[in-house]
Amino acid sequence: ILLIDRDGVINQKASSGEYIRTWEEFKWIPETRQAMKELATRGFKFIVITNQAGAARGMVSPVELDRIHQSMISELHKEGVEILGVYICPHHWDDDCECRKPKPGMLFRASREHLLRMDRTAYIGDDPRDCLAAYNAGCLSIIIGPERNVDAGGAAKPAATAATLSEVVPWIIARFKDWEACG
């Protein structure tokens, strides 16, 4: 099971200060979709972990957010990609909740509900906060996209970086194969 961010990883991010408000605004990142299909053929499943402050700001309705996620899951399922769950933080960044990344609340919840060993789990994101959330949860981070070389600070260093998820698929496969060999 791989943990994966949504905006900027699975789909293109909205402009700064904006949010993906409808399924019609959701634009796939083709390399990610292809990489997820390739990983799925090797037995990988996914859990989406995503901050969605647009809900707290009233810019995305809870009903529409659910429609976006159900449509995303359905489209990926048609291609053999299984999404086991979508965990969202609907809070404003000033709310100081435990689930908003870089805090590890959503990752811990996914770990409890899916019986994941965090030391054998990886979180794929596109932002230094994703790297910090993974570090705070005790799992590896894989950072893709234009911010992949931004220092998250402290000991929170990504285990792998790449421009696209497709580029890091061989590393993921090799890493998990090594973990399987360890029992």
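Note that the structure is predicted; figures quoted are calculated from it, not measured.

1. What to know about the pattern of salt bridges
Here is step 1: Here the structure, examined in full by the defined rule, presents 18 salt bridges.
Here is step 2: Across the pair Glu82 and Lys45 runs a salt bridge whose closest N-O atoms are separated by 3.7 Å. Taken as a pair, Glu82 in the loop between helix 3 (62-78) and strand 3 (83-89) and Lys45 in the loop between helix 1 (30-41) and strand 2 (46-51) lie far apart in primary sequence, 37 residues in all.
Here is step 3: Judged by its relative accessible area of 34%, Glu82 is partly exposed.
Here is step 4: Look at Lys45 and you get partly exposed, because its relative accessible area is 34%.
Here is step 5: Three or more residues joined by partner-sharing salt bridges are found here, namely Arg33, Lys37, Glu75, Lys78 and Glu79.

2. Thoughts on unusual backbone geometry
Here is step 1: The omega angle of the peptide bond from Lys101 to Pro102 is 25°, so this bond is cis rather than trans.
Here is step 2: Mapped onto the secondary structure, Pro102 falls in the loop between strand 3 and helix 4 (105-114).
Here is step 3: At Asp96, a position not held by glycine, the phi torsion is positive, near 55°.
Here is step 4: In this structure, Asp96 sits in the loop between strand 3 and helix 4.
Here is step 5: Residue Asp96 is classed as exposed on the basis of its relative accessible area of 58%.
Here is step 6: Not every positive phi belongs to a glycine, and Leu115 is a case in point at roughly 55°.

3. Structural notes on the packing of aromatic side chains
Here is step 1: Scanning the entire structure with this criterion turns up 4 aromatic pairs.
Here is step 2: On the basis of an interplanar angle of 80° and a centroid distance of 6.2 Å, the ring pair of Trp23 and Trp28 is categorised as edge-to-face. Each member of the pair, Trp23 as well as Trp28, is classed as buried.
Here is step 3: Consider the rings of Phe44 and Phe176, whose centres lie 5.2 Å apart with planes at 90°: the pair is edge-to-face. Of this pair, Phe44 sits in the loop between helix 1 and strand 2 while Phe176 is found in helix 6 (residues 165-182), placing the two residues 132 residues apart along the sequence.
Here is step 4: Judged by its relative accessible area of 10%, Phe44 is buried.
Here is step 5: With relative accessibility at 12%, the residue Phe176 sits in the buried group.
Here is step 6: Here a set of aromatic residues connected by ring pairs shows up, and it is made of Trp23, Phe26 and Trp28.
Here is step 7: It is Arg33 that lies over the ring of Trp28; its NZ or CZ is 4.2 Å from the centre.

Conventions we followed
- Residues numbered from 1 in each chain as written.
- Predicted model: local features only at pLDDT ≥ 70, side-chain atom pairs only at ≥ 80, totals over all residues.
- Heavy atoms only, no water.
- Salt bridge = Lys/Arg side-chain N within 4 Å of Asp/Glu carboxyl O.
- Helix = DSSP H or I, 4+ residues; strand = E, 2+ residues; numbered from the N terminus.
- Buried < 20%, exposed > 50% of the residue type's maximum accessible area, 1.4 Å probe, protein only.
- Phe/Tyr/Trp six-rings, centres within 6.5 Å; stacked < 30°, edge-to-face > 60°.
- Lys NZ or Arg CZ within 6 Å of the ring centre and 35° of its normal.

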